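Spelled out, the chains give:
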Amino acid sequence: MKKLIALVSLVLLTASVALAATASGFVTDAVTGDPIEGATVRFHYLNGSCILGGGNGGNGGGNGGGNGGHGLYVYTTITDENGYYTLIDLPEGNYEARALLVHTYMPQLIEGLVIDENGITVDFALESCNGSGSTQQFKYRHKVNY
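Residues numbered from 1 in each chain as written. Predicted model: local features only at pLDDT ≥ 70, side-chain atom pairs only at ≥ 80, totals over all residues. Heavy atoms only, no water.

A. Main features of the environment of Thr-77. Within the element layout of this structure, Thr-77 appears in strand β3 (residues 73-78). C-alpha of Thr-77 to C-alpha of Ala-39: the two residues are 38 residues apart in sequence and 8.4 Å apart in space. (Helix = DSSP H or I, 4+ residues; strand = E, 2+ residues; numbered from the N terminus.)

B. Quick peek at the side chain of Ser-24. On the secondary structure map, Ser-24 appears in strand β1 (residues 20-29). In this structure, Ser-24 is in contact with Tyr-84, Tyr-85, Thr-86, Ile-120, Thr-121 and Val-122, ignoring residues within four places of it in sequence. (Contact = heavy atoms within 4.5 Å.)

C. View of the packing of aromatic side chains. A complete count under the given rule lists 8 aromatic pairs for this structure. Both rings, one in Phe-43 and one in Tyr-85, keep their centres 6.2 Å apart while their planes meet at 40°; by these two values the pair is tilted. Of this pair, Phe-43 sits in strand β2 (residues 40-45) while Tyr-85 sits in strand β4 (residues 84-91), and the two are 42 residues apart along the sequence. Per residue, the accessibility class of Phe-43 equals that of Tyr-85, and both read buried. Between Tyr-73 and Tyr-75, the aromatic rings sit 6.2 Å apart at their centres with planes inclined by 15°, giving stacked as the arrangement. We classify Tyr-73 as partly exposed; its relative accessible area is 24%. Given the relative accessible area of 6%, Tyr-75 is considered buried. Taken together through their ring pairs, the aromatic side chains of Phe-43, Tyr-45, Tyr-73, Tyr-75, Tyr-85, Tyr-95 and Phe-124 make up a single cluster. (Phe/Tyr/Trp six-rings, centres within 6.5 Å; stacked < 30°, edge-to-face > 60°. Buried < 20%, exposed > 50% of the residue type's maximum accessible area, 1.4 Å probe, protein only.)

Encoded structure:
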C-alpha cells in the first residue's frame, strides 16, 4: 500500500511540474543597452477566472509577487544587477507582460504572449522618462492598464 501511495504521489507531482513553465529575460535601456536593475516585471495570466488572484515571485522567490487586484493571476518580480529576471511555476497559457522602473523609465507592454511547457524568453527595452517621470508615467500607466 505504501508503494502505491508513493507511486501516485510521484505521478501527481510530475503532472503538476509539467503544467508549470518559466519566463525569463532582460530589461535594458532602449538607447544605451545598459541593464536596468530594480525594474518591475509583471506577467498577467489571461486564461484565469475573474475570481482568481495571486501570483509568485521569481529570482529565487525573494522578490514577492501578489495579486494585481484586477482578478487576474499576476506574476511579479524585480530585475537583478544585470537587468535579468525570471519567473517560475507559471501556468501554461496566454499572457501579457509589462516592465517599468518608476520615475525613471516608461512602462513597456508586450501583448499576445503564449507560454507553453518550454517557457518563454521576453526582453524589454525601456525608454527614459527624461525627467518627466511622475506625470508622464501616470498617464501612460493608465493607458496600458498597468
